[in-house]
2 protein chains.
Amino acid sequence: MRANDRISDWAAWGRSGHAVRLDDRPALLAFLNEQLGGLDMPIPPMPLNEIAVPPTRLTSDDLDALAGVVGPDRVDATNPGRAIHSVGKSYRDMVSAFRGTLSRFTDAVIYPRHEHDVANLLAAAAAADLAVVPFGGGTSVVGGVEPRQGAHRAVLTLDLVDLDHVRIDHLAQTADIGAGAFGPAIEDVLNGEGLTLGHFPQSFEFSTFGGWVATRGAGQQSTTYGKIEDMVQAVRIATPQGLIATRLTPASAAGPSVLQQIVGSEGVLGVITSGTARVRPLPECVRFKAYFLPGWRDGIDFLRQMLQCGLRPSVVRLSDPVETRWLMKTSSDKAGLIRQVGKAYLKHVIQRRGFDPDRICLCLLSFEGAPAHVRADCRQAAGLASRFRAVALGSSPGQSWKRERFSLPYFRDDLMARGVMVDTLETATLWSNVEPLDRAVRHAITSGIDAGQARGAVMAHVSHVYRAGASLYYTFLARHNGNDALDQWQRIKTAANRAIADNGGTLSHHHGIGYEHQPLAAENGPLAVQALKALKATLDPTALMNPEKLL
Amino acid sequence: MRANDRISDWAAWGRSGHAVRLDDRPALLAFLNEQLGGLDMPIPPMPLNEIAVPPTRLTSDDLDALAGVVGPDRVDATNPGRAIHSVGKSYRDMVSAFRGTLSRFTDAVIYPRHEHDVANLLAAAAAADLAVVPFGGGTSVVGGVEPRQGAHRAVLTLDLVDLDHVRIDHLAQTADIGAGAFGPAIEDVLNGEGLTLGHFPQSFEFSTFGGWVATRGAGQQSTTYGKIEDMVQAVRIATPQGLIATRLTPASAAGPSVLQQIVGSEGVLGVITSGTARVRPLPECVRFKAYFLPGWRDGIDFLRQMLQCGLRPSVVRLSDPVETRWLMKTSSDKAGLIRQVGKAYLKHVIQRRGFDPDRICLCLLSFEGAPAHVRADCRQAAGLASRFRAVALGSSPGQSWKRERFSLPYFRDDLMARGVMVDTLETATLWSNVEPLDRAVRHAITSGIDAGQARGAVMAHVSHVYRAGASLYYTFLARHNGNDALDQWQRIKTAANRAIADNGGTLSHHHGIGYEHQPLAAENGPLAVQALKALKATLDPTALMNPEKLL
């Protein structure tokens, strides 16, 4: 995927051919009208070729020096190439791209072929005093690839797309994977050998291995497969001071974990060039289960007890009542949720079990592995579910979800075009703190929406669970206030982050910190930030790497 | 356990009442005579009260200042107290203690009661320019508690025994545990609530939670429960620059892991005062299995395939042929291995299956959890074992091992008294590298023993296994060369460490680095060491903390 292939992604989540139109989903449109008090008519984003891009600040000497490292065909200082590499996929990014108000542009995009190209480019950048932003899939939703510090220095973006090897060690069941390898390409190679990495983040189609490692990503099957930091056994990072290749070992007691200092470093220490991750055989058997729980608290208790009795479902997704209604109305799939769990059945459930229709929560689960184990796990989960008076919905809601699992972010595009602010944020905490944290975050978001005198909605799900706790993932929508949309959004976002920090949550469970989640000091205190700054000063003494991110 | 309680441990592994005498194990004594060509008559260690301890270098002003922080009864500058806190349990330590040739002594032992005592003691130490060594159970086998840098500064040892709280969060199934809490005390509290931490290192009886965290320890059931770094959800560390309390969360994407920078820091960044670890319900059912495998390679393949098909035994211990013979002869227990798997049966196995008696390997496994899961796992393991022509030995060898699981280190005491050098070392690597690494390490140890013109033996086991790889644990014995014993040992140890470093192993899987495994640069390269030094310089700018360890 070279620069030109990314053009269709401009000011939108993914490929234009996959766009979702609310007009095609009348049930959802009605639901949104009810929640938000009417939507605007959609307007189109500003076309890429109409964006005002200032000239590159690189001199022709600079460009020649870079071309000397990688070859002239690997240096792109064109306007479209630069614009596309100047935004991620955060709400802030998308508003700027959509409106054509983007103010920061990278000065050139370079495509290294090898790790030593990266090392040489860092040396060239240091020599010419250029900032460097590593770029994988560009799907950061926290401003992770934004070309900042642009007033002081010109900025180079390193597009790592060509560092895309996947080399399998069959005996160890590990794969050495290049930072620029995309999700589908990785799974294609592995699946061909009967293996899988099992990492399926929402951004799977467009994000890269290096991006996952740099941001501590989590896939939708993390409860079985772990987060990316649990999968990686070693990484390689090119820093301005040289290369670090961590020892390839399944575990170590040789001091603090250097590996876990690099994982999550978001490009501020150097460019992660590759890593070795454990892989495993494709599951023999996958079975989806779905349940209606009578309420959000019951659902959370159900998940906690399931994890604490040792069950490890692959997909876990418990939606709160609002998200449950959204999901019921989202599917355009004729075999989907809306058909399978239609109104008639829902009515029946409400009447027979006495469920409050405004409190019903949908829980999707999948179990995978050897057939006998999957059967036993499903039985155990069903037994536990019945103790919560859950209504079993069979396997089709899960299968419907799976078919549409990567389409959810596309909804944002049409919503934004219709004057709706929509963003997500996420955190994690211990089970004993889930309820207070959840209350505080909802209150912060709702207050923020109200303060903007807008109509809006908050919905949430739990989608990554552990013996000790869970992540909470929020989506908020509100009619936006015209040109103030970003101020309005920032107020909500700031209030939500403060609520998370003040109530024992982590600032992010799997999106990272980037530009938008700072200051990091909320997380582990100022001394920990000082320690991380010392680490950065050692590896990147002139602070070339991804300025103004993370720290 | 205050100073006086530790006296019986002087120059020996554990409590004197639990000492093991080879005279009581004639089969083992015969085996050792065969392997080592005769043992000396045992000689006693130098008594503690005959050890020459130089006067403390602390002035009475220093001692008064320390007493001002914690109270005079919590400052111990007596000779026995100082001597006991000047050694760990490494072979080097034990030789020095045994012979009374110890040359480095801490200048006072302080017993803080609270985290704020620790913080105040660090401030006092900084003011008086004293070095500080944190002391948990004192069972380091890598020189981790040695009071070094003694020529420049006086040394304080902080005995953390009174930071021993265990507070359970039942909903989250976590426990907040003080650094000084000992294994048995932790399990007593947890077991009383139907819970377990599941961390049972060889040193369990004498080691502390803080020590486990500081050294990235692993328990004998790590394959089910994880290493300590997998268990901890947060830690608190008092550094000379202040406190870091990492955010209590089951997972996070808020930058590099601060938690995993502190775990494994071996006292060089500060004093770990407490941590929060996940716990879980005591297993409903535990079942031991044991097998004879026809050879070491088969055994390793058996374990690899077991892990890669998703089985997670709790105890895993595969002994090589020499260790298998040792274990068969070690047990004094009438219901033990030697009776259960007696000569007659062994003969039968050899004859019927055509196993080479010199290559037979013993594999102990246990499975735990819900009865139905344990049954299914045992069945699956048995099916796999039969593909390796393994001979099933029932549950009694495992139960016998469990009864004696903490007695093995006691053998060293009588061996040393009889002129035998005995030490252990361990590493980990990917499955694809187990064989070459194993060959290289054995070759290095054997060559080292031969170079000393001594008779000796090397034996090994695999006891911590992962999908991607395994740890290798070596025990080597040789008749020692009188007063050169430590030189002879150092040559072997250095050669083994170099073989590990040069052949892709990690310098330690669970013992840590301490004083004896340096330089750490072998592990992740010099730039990673520089980064760790920068971290230390930030948290401990005058380098008070545990000098000459780890870095």
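Keep in mind that this is a model prediction, so the values were computed, not measured.

About the thresholds
- Residues numbered from 1 in each chain as written.
- Chains lettered and ligands numbered in written order.
- Predicted model: local features only at pLDDT ≥ 70, side-chain atom pairs only at ≥ 80, totals over all residues.
- Pairing = 2+ DSSP bridges.
- Helix = DSSP H or I, 4+ residues; strand = E, 2+ residues; numbered from the N terminus.
- Contact = placed C-beta atoms within 7 Å.
- Axes fitted to C-alpha atoms, helices over the stretch in contact; angles between N-to-C directions.
- Domains from an automatic or database assignment.
- Nonpolar A, V, L, I, M, F, W, Y, C, P; charged D, E, K, R; others polar.
- Least-squares fit on C-alpha atoms with pLDDT ≥ 70 in both.
- Buried ≥ 20, exposed ≤ 12 C-beta atoms within 10 Å, placed from the backbone.
- Arc of directions from axis to C-beta.

### Some points on the sheet that holds strand E12 (residues 285-293) of chain A
Across a sheet, paired strands are connected by hydrogen bonds in the backbone, their directions being either parallel or antiparallel.
All names here are of chain A.
Next up, step 1: Read across the sheet, seven strands follow the order E15-E12-E14-E13-E17-E18-E16 without closing on themselves; strand pairing throughout is antiparallel. If you trace the sheet from one side to the other, it starts and ends with strand E15 (391-392) and strand E16 (420-430), each paired once.
Next up, step 2: Sheet topology note: the E16/strand E18 (residues 469-479) ladder contains 11 bridges and is antiparallel. Residue pairing for E18: Val-422 is matched across the bridge by Leu-477.
Next up, step 3: In the packing of helix H12 (residues 321-330) onto the sheet, the strands contacted are strand E13 (316-319), strand E14 (361-369) and strand E17 (456-462), and the crossing angle to E17 comes to about 95 degrees.

### Some details on the sheet that holds strand E4 (residues 155-159) of chain B
Residue and element names in this part refer to chain B.
Next up, step 1: If you walk across this open sheet you meet the four strands as E1-E2-E4-E3, and the pairing is mixed. Looking at strand neighbours, the two that pair on one side only are strand E1 (75-76) and strand E3 (131-135), the edges of this open sheet.
Next up, step 2: Direction of pairing for strand E2 (residues 108-110) relative to E4: parallel, over a ladder of three bridges. Paired with Ile-110 across the bridge in E4 is Leu-158.
Next up, step 3: Sheet strands in contact with helix H6 (residues 115-128) are E2, E3 and E4, and its direction is about 175 degrees off that of E4.

### Things to note about the domain arrangement of chain A
Residue and element names in this part refer to chain A.
Next up, step 1: The domain architecture assigned to chain A consists of domain 1 (3-10 + 42-159), domain 2 (166-281), domain 3 (285-405) and domain 4 (410-511).
Next up, step 2: The gap between the C-alpha centroids of domain 1 and domain 4 is 29 Å.
Next up, step 3: In this assembly, nine residues from domain 1 lie in contact with 10 residues from domain 4.
Next up, step 4: When the residues that make up the side of domain 1 that touches domain 4 are grouped by side-chain class, the tally is eight nonpolar, no polar and one charged.

### Some thoughts on the pairing of E12(A)
Every regular strand shows the same layout, with side chains that alternate between the two sheet faces.
All names here are of chain A.
Next up, step 1: Both E12 and E14 contribute to a ladder of nine bridges, which runs antiparallel. Counterpart to Phe-292 in the pairing with E14 is Leu-362.
Next up, step 2: When E12 meets E15, the two strands line up antiparallel, connected through two bridges. Of the residues in E15, the one forming a bridge with Phe-292 is Val-391.

### Focus on the relation of the copies chain B and chain A
Next up, step 1: Expressed as a screw transformation, the operator carrying chain B onto chain A has a rotation angle of 180 degrees and an axial translation of 0.0 Å, and the superposed copies differ by an RMSD of 0.0 Å. Each copy turns onto its partner about a two-fold axis.

### Section: the packing of helix H1 (residues 26-36) of chain A against H12(A)
Residues and elements named next belong to chain A.
Next up, step 1: Running from N to C, H1 and H12 cross one another at 150 degrees; their axes reach a closest spacing of 7 Å. On H12, the residues that touch Ala-27, Leu-28 and Phe-31 of H1 are Arg-325, Trp-326, Lys-329 and Thr-330.
Next up, step 2: Its residues placed into classes, the contact of H1 with H12 shows four nonpolar, one polar and two charged.

### Some points on the interface of chain B and chain A
When the parts of a complex come together, some accessible area is lost, and that lost area is often used as the size of the interface.
Next up, step 1: Contacts between the two partners involve 74 residues from chain B, matched on the other side by 74 residues from chain A.
Next up, step 2: Contributing elements (two or more residues each) for the side of chain B that touches chain A: strand E9 (242-245), helix H11 (259-262), helix H16 (371-387), strand E16 (420-430), helix H19 (431-451), helix H21 (521-524) and helix H22 (526-539) of chain B.
Next up, step 3: When residues in the side of chain B that touches chain A are grouped by element, the largest group, 10 residues, is from H22(B).
Next up, step 4: Per-class residue counts for the side of chain B that touches chain A are 33 nonpolar, 33 polar and eight charged.

### Looking at helix H7 (residues 183-192) of chain B
Residue and element names in this part refer to chain B.
Next up, step 1: Among the residues of H7, those classed as buried are Gly-183, Ile-186, Glu-187, Val-189 and Leu-190. When H7 is viewed along its axis, its buried side chains cluster within an angular range of 160 degrees and face the same direction. In this structure, H7 carries Pro-184, Asp-188 and Gly-192 as exposed residues pointing more than 90 degrees from its buried face.
Next up, step 2: Close packing links the buried residues of H7 with strand E5 (166-169), strand E6 (174-178), strand E7 (195-196) and helix H8 (209-215).

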